[in-house]
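Listed below, chain by chain, are the residues.
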Amino acid sequence: MNMGFDFSHDSVMMAGSTLRKVKSRSWKKQRHFRLLEDGMTIWYKSRWAGRGHSTFSITEVEAVREGHQSEVLLSIAEEFPADLCFTLVFHGRQGNLDLVAESTEEAQAWIQGVRKLIHKTQTMDEKERLDQWVWDWFNKADKNKDGKMNFKEVRKLLKMMNVEMNEEHALHLFTMADKSESGSLEIEQFVHFYKMLTQRDEVWKVFQDFSGDGEKLMLEELENFLRTEQQEGEQSAQHAQELTDRYEPSESAKKQGAMTFDGFQMYLCSQEGSIFKPEHRQLHQDMSQPLSHYFISSSHNTYLLENQLRGHSSLEAYIKALKRGCRCVEVDCWDGSDGEPVVYHGHTLTSKILFKDVISTLKEYAFKVSDFPVILSLENHCSVEQQTVMAQHLSQILGDTLLTTLVDGLIPQQLPSPQELKGKILLKAKKIGGLEVCLDETLTDEVSDEEEMANGECSDDPPAESLGHNAKKSKLSRELSDLVVYCKSVHFHGFEHARLHGKCYEMSSFSESKAKKLAKEAGTDFVQYNTKQMSRIYPSGLRTDSSNYNPQEMWNVGCQIVALNFQTAGLEMDLNDGLFRQNGCCGYVLKPDFMRDGSTQFSPEKPDGKQGYKPLRLSIQVMSGQQLPKVNQKEGSIVDPLVRVEIYGVPQDQAREETSHINNNGFNPVWNETLNFVIHTPELALVRFVVEDYDKASRNDFMGQFTLPFTCLQAGYRHIHLLSRDGTAIPPSSLFVNISISELT
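Residues numbered from 1 in each chain as written. Predicted model: local features only at pLDDT ≥ 70, side-chain atom pairs only at ≥ 80, totals over all residues. Heavy atoms only, no water.

Novice: So what's going on with the overall build of the protein? Which residues, and what values?
Specialist: From N to C terminus, the protein includes 23 helices and 32 strands. For a compact globule of 745 residues, the expected C-alpha radius of gyration is about 27 Å, and the protein comes in at 28 Å, within 12% of that figure. With the principal axes as the frame, the protein shows a C-alpha extent of 95 × 70 × 55 Å. For the protein, with 745 residues in total, the buried portion stands at 54%. Restricting the contact set of the protein to residue pairs at least 6 apart, pairs at least 24 apart contribute 69%. Only carbon and sulfur atoms are counted for the fraction: they give 49% of the accessible area of the protein, which is about 32,100 Å². For the protein, the separation between the mean place of its 81 positive charges and that of its 107 negative charges on side chains is 3 Å. (Helix = DSSP H or I, 4+ residues; strand = E, 2+ residues; numbered from the N terminus. Rg over C-alpha atoms; globule rule 2.2 N^0.38 Å. Buried < 20%, exposed > 50% of the residue type's maximum accessible area, 1.4 Å probe, protein only. Contact = heavy atoms within 4.5 Å. Areas by Shrake-Rupley, 256 points an atom, 1.4 Å probe, with all protein chains shown as cover. Lys, Arg positive; Asp, Glu negative; His and termini not counted. Charge placed at Lys NZ, Arg CZ, Asp CG, Glu CD.)

Okay, here's the thing in structure tokens:
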């Protein structure tokens, strides 16, 4: 089942090449790289070291960058020409691999070869993916590389795959698969053995319930299943035909207009059989409303890859955040020693990068995954001279991409829409005066301390008395001020003041504790404020470990720019990824209608007060798990998995329920337990499925999760394709559930 190739790049890769692995200007070491026979795994080792080697799968690689496209390779540009250099970029938070080839031809063979392989893995269907997975395992376990596996090796492999099964059952299946009675299995026989091993009894039972003859589903039987179980209503008939065309492997069954069990299982494991509504994955929302009507994916201290005190400031961090769909990035600017402003976490040991390099990176990566506008949130600690240098860099590097004029030349009563601002970068910073005064020359270039506080992320607001009449003035560069249009940073003076005097282009920043307090004390006011103006929330200054706060509380009151440390994996980023997984992952999600109406009376504390209040009952039957990942790689350790479903939303909707744990089976555990919830504000709720390895002595270990908006749930029998802690896919790990949603009566 080798992924057969016919081009010459991979012959170079299979023969192997000596490439230099570069970690810094001083660390450049030769390593021998080659592509293994499976056409999917890259193996490398140092030429001198004895047995140690490393491998990674092509599925872990996201892209190949050609030339000096990383900070490390740029730093050695004099030493190695661009046509020898390339960078392998990995999914998630895994670091890049910077490599230098010995010749241009060799560099090209690897660049083009790896790109072709990545394309191949991206276009594999579920079946090929599963076969590939089995093939990878077979190769891992076939220690003597003779292409065969005896029963002892198979037992060991099952342990590696997270399966603890009784000897007799395994031997029985082994004997059935060993058709030639040779006492060992070749790859094809092993695939057959594996199929018997993964026979999905719970899926077979569902199939039997709807199949008249127990062999196949005729079109009307499949249509009946789609209508009654999958709750697909009118479109069931047409969909039944489409699914049979798409997933039925047997041509003869297709001719009869029937689906076999194999086809049925393929459908249930596909994107269409997944828990996420396929039509919500695409861009499907109205993008022509004011910016304040959307939740916007936003990052805090975007330049950091690690923590706030010692971390490495890096351009790579901007690239990773933008690739994750982030639409609001933060730049902390300080005076540099040679007149060039630098970006880093002030007064700490984090390294520094040049402001102009950050802006160049932004220009290159801003619109790779989304066309909608990017907001550049500037935290400005620079002298007037270096502010002017910043303004020059912004204008020269970004050119037309930087929005510097009003969209229609009119003073706005409401913010422009993401649609009108496509492909634009907006600067958020302080501004001298407003848009109305059309730069009346009488303005001074000074911003009082009152305004000064608007920009600083102080641990929290300063005591009022410190803002006396002798407030010291801080100077602002006119050139930089002129680049601010729709995102003017101002100090927040309370909701009443904003109602009377607030302009739609004025934006305030709130620390998480300040926002939490306002949400609790004046929820409805905050929701109303956020219909017209934008608010940015940032983590408390005490979170030096770059930990995150729960963004849901901020979304509950309609805050648009809820900035999180994208570099930190965990629950909070799972929620962010979950909310923004809809609408084409474009970084903008339209707020529910009751958060877009200026006279709304909605309060997250009292959801039953909203017009059209209709609570829903959510019932989730957790049926089974498939090939769950191993938590630790120690030989002989098998997991005891449990599933927890967590609901995040308005305070009344916060809930969690979990199944019991299954002993010693991460391979195909069956729970068949039902978890029930009542959802009061479905439009704001997120549902998170977590799988953990139960441990009675200490904390359970995380195994995988998937988070999605309640409104994107598909009812019926569905698979949930689990993600790692990092948010990357871990095929073929999944959960099989049956979901029903009904009105609470």
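The rest of the description comes next.
Novice: Which residues make up unusual backbone geometry, and what values go with them?
Specialist: Note that the residue after Pro 731, namely Pro 732, is joined by a cis bond; omega there is -5°. Note on placement: Pro 732 falls in strand β32 (residues 729-743). The phi dihedral of Gln 231 is positive, around 50°, even though this residue is not glycine. Mapped onto the elements of the fold, Gln 231 is located in the loop between α9 (219-228) and α10 (236-247). At Cys 585, a residue that is not glycine, the phi angle is positive and equals roughly 50°.

Novice: Describe the UniProt feature "binding site: substrate" (unreviewed entry) in the protein, naming the residues involved and giving the relevant values.
Specialist: The positions UniProt marks with the feature "binding site: substrate" (unreviewed entry) are Lys 428, Lys 430, Ser 509 and Arg 536. These annotated residues cover 109 residues of sequence, and their C-alpha atoms all fall within 14.2 Å of one another, placing them together at a single site. Mapping Arg 536 onto the fold places it in strand β22 (residues 535-538). (UniProt positions renumbered as here; feature names shortened; annotations may be inferred.)

Novice: How would you summarise the layout of surface pockets if you had to cite specific residues and measurements?
Specialist: In this structure, the second largest pocket occupies an estimated 400 Å³ of space. As for the second largest pocket, its lining consists of 19 residues, and the residues nearest its centre are Gln 231, Gln 235, Lys 277, Glu 279 and Gln 714. Of all the secondary-structure elements, those providing two or more residues to the lining of the second largest pocket are α10 and α13 (278-281). The leading source of residues in the lining of the second largest pocket is α10, at 3 residues. Of the residues belonging to the lining of the second largest pocket, the class tally is 6 nonpolar, 7 polar and 6 charged. (1 Å grid on protein atoms, 1.4 Å probe; cavity = no way out; pocket = protein on both sides within 12 Å on 5 of 7 lines; lining within 4 Å. Points joined across faces, edges and corners; volume = space filled by probe spheres on them. Nonpolar A, V, L, I, M, F, W, Y, C, P; charged D, E, K, R; others polar.)

Novice: Please set out the sheet that holds strand β1 (residues 17-22) residue by residue, giving values where relevant.
Specialist: Whether parallel or antiparallel, the strands of a sheet pair through hydrogen bonds between backbone atoms. Taken together, 7 strands build an open sheet; the order of strands is β4-β3-β2-β1-β7-β6-β5 and the sheet is antiparallel. In the strand order of this sheet, the two ends are held by β4 (54-57) and β5 (61-66), each with one partner. Looking at each pair of strands side by side, their axes are set apart by 30° on average, direction ignored. As paired strands, β5 and strand β6 (residues 85-90) are joined by 5 bridges and run antiparallel to one another. By the bridge assignment for β6, Glu 66 is matched with Phe 86. (Pairing = 2+ DSSP bridges. Axes fitted to C-alpha atoms, helices over the stretch in contact; angles between N-to-C directions.)

Novice: How would you summarise helix α15 (residues 355-365) if you had to cite specific residues and measurements?
Specialist: Within α15 the residues assigned to the buried category are Phe 355, Val 358, Ile 359, Thr 361, Leu 362 and Tyr 365. Here the buried residues of α15 occupy an arc of 160° about the axis, which is enough to place them on one side. (Arc of directions from axis to C-beta.)

Novice: How would you summarise the pairing of strand β29 (residues 686-693) if you had to cite specific residues and measurements?
Specialist: Burial runs high along β29: 8 of the 8 residues are buried. Here strand β26 (residues 641-648) pairs with β29 via 8 bridges, running antiparallel. Bridge assignment links Leu 642 to a residue of β29, and that residue is Glu 692. When β29 meets strand β30 (residues 701-709), the two strands line up antiparallel, connected through 8 bridges.

Novice: Provide a residue-level description of the packing of aromatic side chains, including the pertinent values.
Specialist: What the rule picks out here adds up to 30 aromatic pairs. Ring geometry for Phe 495 versus Tyr 529: centroids 5.7 Å apart, planes at 65°, classification edge-to-face. With Phe 495 in helix α19 (residues 495-501) and Tyr 529 in helix α21 (residues 523-532), the pair connects residues that are 34 residues apart, well separated along the chain. Phe 495 sits in the buried class, given a relative accessible area of 10%. Relative accessible area serves as the criterion here: at 8%, Tyr 529 is assigned to the buried category. In this structure an aromatic cluster arises from ring pairing among Trp 204, Phe 207, Phe 210, Phe 225, Phe 261, Phe 264, Tyr 717 and Phe 736. Across the ring face of Phe 276, the terminal group of Arg 281 is positioned such that the distance to the ring centre comes to 4.6 Å. (Phe/Tyr/Trp six-rings, centres within 6.5 Å; stacked < 30°, edge-to-face > 60°. Lys NZ or Arg CZ within 6 Å of the ring centre and 35° of its normal.)

Novice: Describe in detail the side chain of Gln 552, supporting the description with residues and values.
Specialist: Topologically, Gln 552 is positioned in helix α22 (residues 552-555). Side-chain polar atoms of Gln 552 contact the backbone oxygen of Leu 684, separated by 3.0 Å. Excluding residues that lie within four positions of it along the chain, Gln 552 makes contacts with Tyr 648, Gly 649, Gln 654, Leu 684 and Leu 686. (Polar contact = N/O pair within 3.5 Å; in protein donor to acceptor, adjacent residues only side chain to side chain.)

Novice: Can you lay out the nonpolar core for me, pointing to particular residues and giving the numbers?
Specialist: Counting residues in hydrophobic clusters, the biggest one holds 67 residues, and the most contacted among them are Leu 394 and Phe 526. Setting aside its immediate chain neighbours within four residues, Leu 394 contacts Phe 355, Ile 359, Leu 376, Gly 399, Leu 402, Leu 427, Leu 480 and Leu 483. (Core = buried A, V, L, I, M, F, W, Y, C linked by side-chain atoms within 4.5 Å.)

Novice: Got a sec to walk through the UniProt feature "glycosylation site" (unreviewed entry) in the protein? Specific residues and values, please.
Specialist: Mapped onto this numbering, the UniProt entry gives "glycosylation site" (unreviewed entry) at Ser 180. The topology assignment puts Ser 180 in the loop between α6 (167-177) and β9 (184-186).

Novice: Can you tell me about α6, naming the residues and giving the values?
Specialist: Where α6 is concerned, the buried positions are Ala 170, Leu 173, Phe 174 and Ala 177. For α6, the angular spread of buried residues about the axis comes to 105°, placing them on one side.

Novice: Give a description of the pattern of salt bridges that names residues and reports values.
Specialist: A full pass over the atoms with the stated rule returns 30 salt bridges. A salt bridge links Glu 272 to Arg 246, with the shortest nitrogen-to-oxygen separation between them at 2.5 Å. Of this pair, Glu 272 sits in the loop between α12 (261-269) and α13 while Arg 246 is found in helix α10, placing the two residues 26 residues apart along the sequence. Its relative accessible area of 12% is what places Glu 272 among the buried residues. A single salt-bridge network, built from bridges that share partners, covers Asp 574, Arg 644, Glu 646, Arg 656, Glu 658, Arg 688 and Glu 692. (Salt bridge = Lys/Arg side-chain N within 4 Å of Asp/Glu carboxyl O.)

Novice: Can you tell me about a positive patch on the surface, naming the residues and giving the values?
Specialist: A grouping of Lys 143, Lys 145, Lys 152 and Lys 156 is seen on the molecular surface, where their side chains present a positively charged patch. Here Lys 152 lies in helix α5 (residues 151-160). (Patch = residues over 30% accessible without salt bridge, like charges linked within 9 Å, V, L, I, M, F, W, Y side chains within 5 Å.)

Novice: Before we move on, could you go through the environment of Glu 385 and cite the residues and values that matter?
Specialist: Positionally, Glu 385 belongs in helix α16 (residues 384-398). Between the alpha carbons of Glu 385 and Ser 337 there is a distance of 12 Å; along the sequence they are 48 residues apart.

Novice: Tell me what's going on with the pairing of strand β7 (residues 97-100), and back it up with residues and numbers.
Specialist: Side chains Leu 97 and Leu 99 project from β7 onto one buried face, and the interleaved Asp 98 and Val 100 project onto a second face that is buried too. Two strands pair when backbone bridges link them, and β1 and β7 are joined in this way by 3 bridges, in the antiparallel orientation. Residue pairing across strands places Arg 20 opposite Val 100, the latter belonging to β7. The pairing of β6 with β7 spans 4 bridges and is antiparallel. Bridge pairing in β7 links Cys 85 to Val 100. In textbook terms, the turn of a hairpin is the stretch between consecutive antiparallel strands, and for β6 and β7 this stretch comprises 6 residues, one of which, Gly 92, has a positive phi near 70°.

Novice: So what about the side chain of Asp 98? Which residues, and what values?
Specialist: Relative to the helices and strands, Asp 98 is located in strand β7. Buried and unpaired, Asp 98 has no salt bridge, with Arg 65 as the nearest side chain of opposite charge at 6.7 Å. Reaching out from Asp 98, the side chain makes a polar contact with the side chain of Ser 70 at a distance of 2.8 Å. At a separation of 2.9 Å, a polar atom in the side chain of Asp 98 contacts the side chain of Thr 87. Those residues in contact with Asp 98 that sit more than four places away from it in its chain are Arg 20, Lys 21, Val 22, Ser 70, Val 72, Leu 73, Phe 86 and Thr 87.

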